[in-house]
Amino acid sequence: MIFISLFSINIFAQIGRTYDDGHGGRIFFPFGDISFADEVISFKVGNPAPIAGYGIPSQALNIPDYKDERDDKNATSLGYGGELVVKFTDNILYDIDGYDLIVMEIGAAIEPVDVYISKNGIEWISVGKTGGGFSKIDISKYVKKTDVFRYVKIIDMKERSDGNWPGADIDAIGAIGSSINFQLNSSVLFKTGESTLSNDKTELIKIAEKIKKINGLTLIEGYTDNVGSPESNIILSEKRAQSIKKFLTDSCNIAANLIETFAFGESNPVADNKTEDGRKKNRRVEIIVFPNSNQAKNDVVGIWDTDWGELHIYRYGETIAGWYTDDGGEIVGKLTDEHTIEGKWVENGSDRVCGENVYDRNHWGRIIMKFNEAFTELSVKWGYCSDEPTKVDWNGKRK
Ligand SMILES: [Ca+2]
Ligand SMILES: [Ca+2]
Ligand SMILES: [Ca+2]
């Protein structure tokens, strides 16, 4: 278990970007790089197993990186009937409109998997199977809107047992329906057994700044180790979650109606309670921040019909991200006023190659995007690389 360093998080980098889907297209993840699975919980390789070097479960973590080359080991073969459990730690999975979970399988063979999700890694909900290849799963039929999931289990369905790589070959597992999850160790927040915040509130203040930028519903979850009675641990974790809520509302000006607290006591441990180190990791608070779903309808958010294809725009506070259908295009930027986005476009190819990369690609440029008063039309000025954006042949209407 790695506790994320709050000092290394760049929220701008976390927000929305597109990724190769491994089958000639690109797919947009509203929370960018953090959307993907972070940790292998267990792996039972199938029988027959893949040849040596191709059954490494950690290759199914993090962003998709399979390059489709002969000896590429950036994906893992499950083996015939193999089973992989992964966990999201800096993000969670929940149900949004449309697809929520993506399982990226590589290779031409159809090797489907059964997919399960879980809140605690113990009780599992079946959410269907993938058809092999690149698969999108909508979990809405199986869950409540407010449920938060941290675990995904995939089991190879035993369609193919032959060759060097029997069973499904997985490059990445990502949550489109995702939100940010901060894990805070209780030892930096509280004295042992107490619910009064310690004097050093540096980490909480940093999180408060991020919550304010996203401006959505925030869940505060308190957890303890298994020392003491389960009842007393529930009470302690509730008091601690309440202390943090009070600090965020009273000292950081976050609206109380945007914060909910939950007490989980000693349930859902992230480490072994038999060791002091494990107990220390289990004494924690997790803070989940959802994107703001209350954006004004007449805002920049939505789907636009433009000269460069359909453009999908997302907004997180002042930060904008999106994608368009032309040449794997995506945009990233900021609202500089209510009707203006300034930022960059990125594509797979263009007439100019830039000296540096944006989002791993060197075809990009600057944009200034203007919206009319009613947010029904947009016009884009654009240029290549860091040139002043002066070209005007990119316009659109709300779809
Ligand atoms: Ca993640
Ligand atoms: Ca959904
Ligand atoms: Ca991979």
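Conventions and cut-offs
Residues numbered from 1 in each chain as written. Chains lettered and ligands numbered in written order. Predicted model: local features only at pLDDT ≥ 70, side-chain atom pairs only at ≥ 80, totals over all residues. Heavy atoms only, no water. Pairing = 2+ DSSP bridges. Helix = DSSP H or I, 4+ residues; strand = E, 2+ residues; numbered from the N terminus. Axes fitted to C-alpha atoms, helices over the stretch in contact; angles between N-to-C directions. Buried < 20%, exposed > 50% of the residue type's maximum accessible area, 1.4 Å probe, protein only. 1 Å grid on protein atoms, 1.4 Å probe; cavity = no way out; pocket = protein on both sides within 12 Å on 5 of 7 lines; lining within 4 Å. Points joined across faces, edges and corners; volume = space filled by probe spheres on them. Domains from an automatic or database assignment. Donors = N, O, S within 2.8 Å, 3.2 Å for Na, K, Ca; no water. Tetrahedral: all angles 85-135°; square planar, octahedral: opposite > 155°, others 65-115°. Buried area = accessible area lost by both parts, 1.4 Å probe. Salt bridge = Lys/Arg side-chain N within 4 Å of Asp/Glu carboxyl O. Polar contact = N/O pair within 3.5 Å; in protein donor to acceptor, adjacent residues only side chain to side chain. Phe/Tyr/Trp six-rings, centres within 6.5 Å; stacked < 30°, edge-to-face > 60°. Core = buried A, V, L, I, M, F, W, Y, C linked by side-chain atoms within 4.5 Å. Contact = heavy atoms within 4.5 Å. Left-handed = near helix turned anticlockwise from the far one by under 90°. Nonpolar A, V, L, I, M, F, W, Y, C, P; charged D, E, K, R; others polar.

**What about the sheet that holds strand β18 (residues 309-316)?**
Sheet architecture is closed into a barrel: eight strands sit in the order β17-β18-β19-β20-β21-β22-β23-β24, paired in antiparallel fashion. Taken over all neighbouring pairs, the strand axes of this sheet differ in orientation by 30° on average, direction set aside. Across six bridges, the pairing between β18 and strand β19 (residues 319-324) is antiparallel. Directly across from R315, in β19, lies its bridge partner I320.

**Brief notes about the environment of N257**
Structurally, the position occupied by N257 is in the loop between α4 (230-250) and β15 (259-263). Look at N257 and you get exposed, because its relative accessible area is 68%. On a C-alpha basis, the gap between N257 and T218 in space is 9.3 Å, while along the polypeptide they are 39 residues apart.

**Considerations on the layout of surface pockets**
By rolling a water-sized probe across the atoms, one finds the places where empty space is left. Considering only enclosed or pocket space, the second largest pocket measures out at about 420 Å³ in volume. The greatest single-element share of the lining of the second largest pocket, amounting to three residues, is contributed by strand β1 (residues 17-20). In terms of domain composition, the lining of the second largest pocket takes at least three residues from each of domain 1 (6-176) and domain 3 (313-398).

**Quick look at the coordination of the calcium ion (ligand 2)**
Within the protein, D95 (OD), I96 (O), G98 (O), D100 (OD), D100 (OD) and D138 (OD) serve as the donor atoms for the calcium ion (ligand 2), at 2.3 to 2.5 Å. Considering all six donor atoms around the calcium ion (ligand 2), the spread of angles at the metal, 53 to 169°, places the coordination shape in the irregular class. Written as a sequence motif, the donor arrangement for the calcium ion (ligand 2) is D-I-x1-G-x1-D-x37-D. Taken together, the residues span a long stretch of sequence, with I96 in the loop between β6 (91-93) and β7 (101-105) and D138 in the loop between β10 (134-137) and β11 (151-156) at a distance of 42 residues.

**Some details on the domain arrangement of the protein**
Looking at the protein, the domain boundaries give domain 1 (6-176), domain 2 (180-289) and domain 3 (313-398). Taking only C-alpha atoms into account, the centre of domain 1 sits 29 Å from that of domain 2. Across the interface of domain 1 and domain 2, roughly 1,400 Å² is buried in total on both sides, 63% from carbon and sulfur atoms. A salt bridge links E286 to R150; the nearest nitrogen and oxygen atoms lie 3.0 Å apart. Summed over the shared surface of domain 1 and domain 2, the result is five residue pairs in polar contact (both at pLDDT 80 or more). At the level of secondary structure, the elements contributing two or more residues to the side of domain 1 that touches domain 2 comprise α1 (11-14) and β6.

**Let's talk about the coordination of the calcium ion (ligand 1)**
The calcium ion (ligand 1) binds to the protein through I34 (O), F36 (O), D38 (OD), D38 (OD), D90 (OD) and N91 (OD1); the donor distances cover 2.3 to 2.5 Å. Here the calcium ion (ligand 1) is ringed by six donor atoms whose angles at the metal span 52 to 171°, and the overall shape comes out irregular. Donor residues binding the calcium ion (ligand 1) come from one chain and are separated in sequence as I-x1-F-x1-D-x51-D-N. Residue I34 is found in the loop between β2 (26-29) and β3 (39-44), and its partner D90 is found in the loop between β5 (83-87) and β6; the two are separated by 56 residues along the sequence. A single burial state applies to I34 and to D90, both of which are buried.

**Focus on the packing of aromatic side chains**
Summed over the entire model, instances satisfying the criterion amount to 19 aromatic pairs. Taking 5.7 Å as the distance between ring centres and 75° as the angle between the ring planes, the aromatic pair formed by Y19 and F29 counts as edge-to-face. Residue Y19 is located in strand β1, and its partner F29 is located in strand β2; the two are separated by ten residues in the primary sequence. Classification of Y19 as buried rests on a relative accessible area of 3%. For the ring pair W308 and W382, a centre distance of 4.8 Å and an interplane angle of 70° mean the geometry is edge-to-face.

**Here's the deal with the nonpolar core**
Counting residues in each nonpolar core, the largest one holds 28 residues, and the members touching the most others are L189, L204, I220, I244, L248 and I287. When contributions to this core are tallied by element, the ones reaching two or more residues are β13 (178-185), α3 (202-214), α4 and β16 (284-289). Broken down by element, the residue count for this core peaks at five residues, all from α3. Each of domain 1 (6-176) and domain 2 (180-289) gives at least three residues to this core. Filtering out sequence-adjacent residues up to four positions away, I244 remains in contact with L189, F190, L197, L204, I220, V285 and I287.

**Structural notes on the packing of α3 against α4**
Their axes nearest at 11 Å, the elements α3 and α4 cross at an angle of 65°. Here α3 runs over α4; the crossing is right-handed. The residues of α4 that touch α3, namely those facing L204, I205, A208 and I211, are I244, F247 and L248. When the residues that make up the contact of α3 with α4 are grouped by side-chain class, the tally is seven nonpolar, no polar and no charged.

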